[in-house]
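# A structural walkthrough
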Amino acid sequence: MALPNKKVIDKKKPFDLLSIPLFKKFIQSRWYPGIFQWAAFVVFSVIVYELVAGTVDPSRNIGTSLTWVLWWPLVPIFFLFIGRFWCAICPFGKLSDIIRKVIGSERPMPKFLRKYGLWMIDLFFIAITWSDHIWGIVESPRGSGYLLLVLVTMVVATSVFYERRTFCKTLCFLGGLSGNYSRSGALELRGTPDICRTCKTQSCFKGSDKAEGCPMFQFVKTMDSTADCNLCGNCVKSCPNNSITISPRIPTSELWGIKQPKIEHAFLAAVIMGIVFVQNITMVAIWQDILKAIGSVTGTDNYNVNFTVAFIISMLLPIGLLLGTAKLATMTGGSAEKVKQNFIRFGYAIIPLDLAGHLAHNLFHIITEGKAIWYNTLAFFGANVTRGDLAFAPASTVQIFQYIIVVLGLAGSVYTVYRIGNKGSFTKVMPYYILMVLLAVANIYLFSLPMMHRV
């Protein structure tokens, strides 16, 4: 007896934001992303001027408040909810576009940068974090201003000689951070496979009379990651086949099925965790005890020397833990993969915890120092106001939110381990579960300690 025919149920497609006519019309218009770019460019110009020429008191400098109390805490939130949209409207990117159009020679990106660009980004991110603590960039309006001017110089230099956004792709210290965090994000841009398969124009990459080609060198037909998509809308404008979709997705879902995982990404994920540790440790009372302990070994009380030692240890600790976990999982889990392969694949699972640690740390600044933005903005426009407490809420309230954020990050990392392990047995990936819990506990412990303000 024949079985009854079963109705084939198609996999539910994610909702496409471009199916909203008004939204799609805006993305395809010349106003996007230009209207946001010019607004950010104007604010950036004011910030740089105030940092370089304004008061040297960081608590009263509007440039410091807007950069480190507002922008820096908001950026990871952008990456979580709307991917690399900030990179689409970033003043550096807009400056790069202007320079290229006016005097750019549009040479191909150098092979060295093409091959080692991700490592360059990793090293620049580490170097800038180290420099901040050595020269007090965050605490110094002048230091912050000069840092931005150095970055502007790099943007101009690369834009004069090389095509598209070479700086953003291979040199921007925020690029690696934004790429890793965007992989955990809740928004993705993709092409429709059946349509892209028969496309002959390749206008998403090459550009058209409606828009330039992808500034980040992405080919939508083969793109399976959000890491290098700026959501600039160029491909939406250029595609003649309406193949592009912009859809919400489950956060961290991209981390589960990366087709070509890279050691640079896993390395940076571990390093970011180390940087979160550094940023937290240097703001708590035990930091002085740590410096003394290191000084007893180095034989000097020079802050720069002892901080550098602590910085290196903080970088190496999560890398060593991930490497040791990969080795343990290979030995005890019956995995046929080599240690290096395990290190790379499961390194991506740290990213949700990185993002949580970054968000939780920055939450302290924006809640306990946030009113400085209001006071300094009023002062900038000439208002004479009496300054009061800069905090929106007490530190005890901030800690509760920090614990919640870290626990959510832990859930994201643990589930990512589960999915990367192909939903296998608990025993095979148990070392990674333990690692994620250990990193989360370390974060919670540091957030439980009273923190001092840096700005």
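This text follows the structure it describes.
My aim in this report is to walk through the structure given alongside it, one point at a time. Remember, predicted model here, so these are calculated numbers, not experimental data.

Moving on, we come to the packing of helix α17 (residues 339-347) against helix α21 (residues 426-448). A pair of packed helices is characterised by two quantities: the angle between their axes and the separation of those axes. It is the contact of α17 with α21, at a shortest axis distance of 12 Å, that shows an interaxial angle of 50 degrees. When the axes of α17 and α21 are compared, the pair comes out oblique. Helix-helix and strand crossings are classified by hand; for α17 and α21 the assignment is right-handed. For the pair α17 and α21, contact is made by N342, F343 and F346 and by V429, Y432 and M436, respectively. Among the residues forming the contact of α17 with α21, the class breakdown is five nonpolar, one polar and no charged.

This paragraph deals with helix α5 (residues 91-103). Think of an α-helix as 3.6 residues a turn; residues three or four steps apart then line up on the same face. Along its 13 residues, α5 runs 18 Å from first to last C-alpha, staying within 8% of the 18 Å computed at 1.5 Å per residue. Turning to α5, its buried residues number three or more, namely P91, F92, G93, K94, L95, S96, D97, I99 and R100.

As a further point, take the environment of A293. Note that A293 resides in helix α15 (residues 286-298). The exposure class of A293 is partly exposed, given its relative accessible area of 44%.

To continue, consider the packing of aromatic side chains. For the coordinates displayed, the defined rule picks out 26 aromatic pairs. Among the aromatic side chains, those forming a connected cluster through ring pairs are F26, Y32, F36 and F85. The side chain of R164 reaches across the aromatic face of F205, ending 4.4 Å from its centre.

This paragraph deals with the environment of Q202. With respect to the secondary-structure elements, Q202 resides in the loop between α10 (193-196) and α11 (203-206). You can call Q202 partly exposed: its relative accessible area is 31%. The sequence separation of Q202 and C239 amounts to 37 residues, and the corresponding C-alpha distance is 8.1 Å. Discounting residues that sit within four places of it in the chain, Q202 has contacts with G207 and F219.

Reading the values: the criteria
- Residues numbered from 1 in each chain as written.
- Predicted model: local features only at pLDDT ≥ 70, side-chain atom pairs only at ≥ 80, totals over all residues.
- Heavy atoms only, no water.
- Axes fitted to C-alpha atoms, helices over the stretch in contact; angles between N-to-C directions.
- Helix = DSSP H or I, 4+ residues; strand = E, 2+ residues; numbered from the N terminus.
- Parallel < 35°, antiparallel > 145°, perpendicular 65-115°, else oblique.
- Left-handed = near helix turned anticlockwise from the far one by under 90°.
- Contact = heavy atoms within 4.5 Å.
- Nonpolar A, V, L, I, M, F, W, Y, C, P; charged D, E, K, R; others polar.
- Expected span 1.5 Å × (residues − 1).
- Buried < 20%, exposed > 50% of the residue type's maximum accessible area, 1.4 Å probe, protein only.
- Phe/Tyr/Trp six-rings, centres within 6.5 Å; stacked < 30°, edge-to-face > 60°.
- Lys NZ or Arg CZ within 6 Å of the ring centre and 35° of its normal.

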